[in-house]
Amino acid sequence: MKRDFALRIDSLLGGVRLNLDAIVEYMRRHVPKGDLSEEEFKKYVHFIGMSMYGTIEFSTELYRLFPDITPEELKGERPKSN
């Protein structure tokens, strides 16, 4: 796999995670309205969580292959130079 290809895939995976989060929030707002029961919400959020986990594992593998594409916020704190 080429680095730029991996970077694009990781970017798309980030979009998938944002969309999965939007689905959870949409469902959460509709539980009180009666469109979805609390039990159904928990069941479906579990599926979304498994999907989210899969995208994170995929991104983690890309970061292992290409450490320089790892987002800054996921990198360990760098030691301060004196």
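The structure we're discussing is the one just above.
Definitions and cut-offs
- Residues numbered from 1 in each chain as written.
- Predicted model: local features only at pLDDT ≥ 70, side-chain atom pairs only at ≥ 80, totals over all residues.
- Heavy atoms only, no water.
- Helix = DSSP H or I, 4+ residues; strand = E, 2+ residues; numbered from the N terminus.
- Rg over C-alpha atoms; globule rule 2.2 N^0.38 Å.
- Contact = heavy atoms within 4.5 Å.
- Lys, Arg positive; Asp, Glu negative; His and termini not counted.
- Charge placed at Lys NZ, Arg CZ, Asp CG, Glu CD.
- Axes fitted to C-alpha atoms, helices over the stretch in contact; angles between N-to-C directions.
- Parallel < 35°, antiparallel > 145°, perpendicular 65-115°, else oblique.
- Left-handed = near helix turned anticlockwise from the far one by under 90°.
- Nonpolar A, V, L, I, M, F, W, Y, C, P; charged D, E, K, R; others polar.
- Salt bridge = Lys/Arg side-chain N within 4 Å of Asp/Glu carboxyl O.
- Buried < 20%, exposed > 50% of the residue type's maximum accessible area, 1.4 Å probe, protein only.

Scanning the protein from terminus to terminus reveals 2 helices and 0 strands. Taking 82 residues into account, the globule formula puts the C-alpha radius of gyration at 12 Å, and the protein, at 17 Å, lies well above it. C-alpha extents for the protein along the principal axes are approximately 55 × 35 × 15 Å. Sequence-distant contacts in the protein: of pairs separated by 6 or more residues, those separated by 24 or more amount to 59%. Averaged over its 13 positive side-chain charges, the protein has a centre that lies 3 Å from the centre of its 14 negative ones.

Running from N to C, helix α1 (residues 3-30) and helix α2 (residues 38-65) point in directions that differ by 165°, and their axes come no closer than 10 Å. With respect to each other, α1 and α2 are oriented roughly antiparallel. Remark: the crossing between α1 and α2 carries left-handed chirality. Within the contact between the two elements, α1 uses Ala6, Ile9, Asp10, Leu13, Val16, Arg17, Leu20, Asp21, Ile23, Val24, Met27 and Arg28 and α2 uses Phe41, Tyr44, Val45, Ile48, Ser51, Met52, Thr55, Ile56, Phe58, Ser59, Leu62 and Tyr63. Per-class residue counts for the contact of α1 with α2 are 17 nonpolar, 3 polar and 4 charged.

Counted by the stated rule, this structure contains 5 salt bridges. The partner of Glu25 in a salt bridge is Arg28, and the shortest N-O contact between them spans 3.3 Å. Taken together, the residues span about one helical turn, with Glu25 and Arg28 both in helix α1 at a distance of 3 residues. The residue Glu72 makes a salt bridge to Lys75 at a minimum N-O spacing of 3.1 Å. For Lys75, a relative accessible area of 29% puts it in the partly exposed group. Via salt bridges that share partners, Arg3, Asp4 and Asp68 belong to a single interconnected network.

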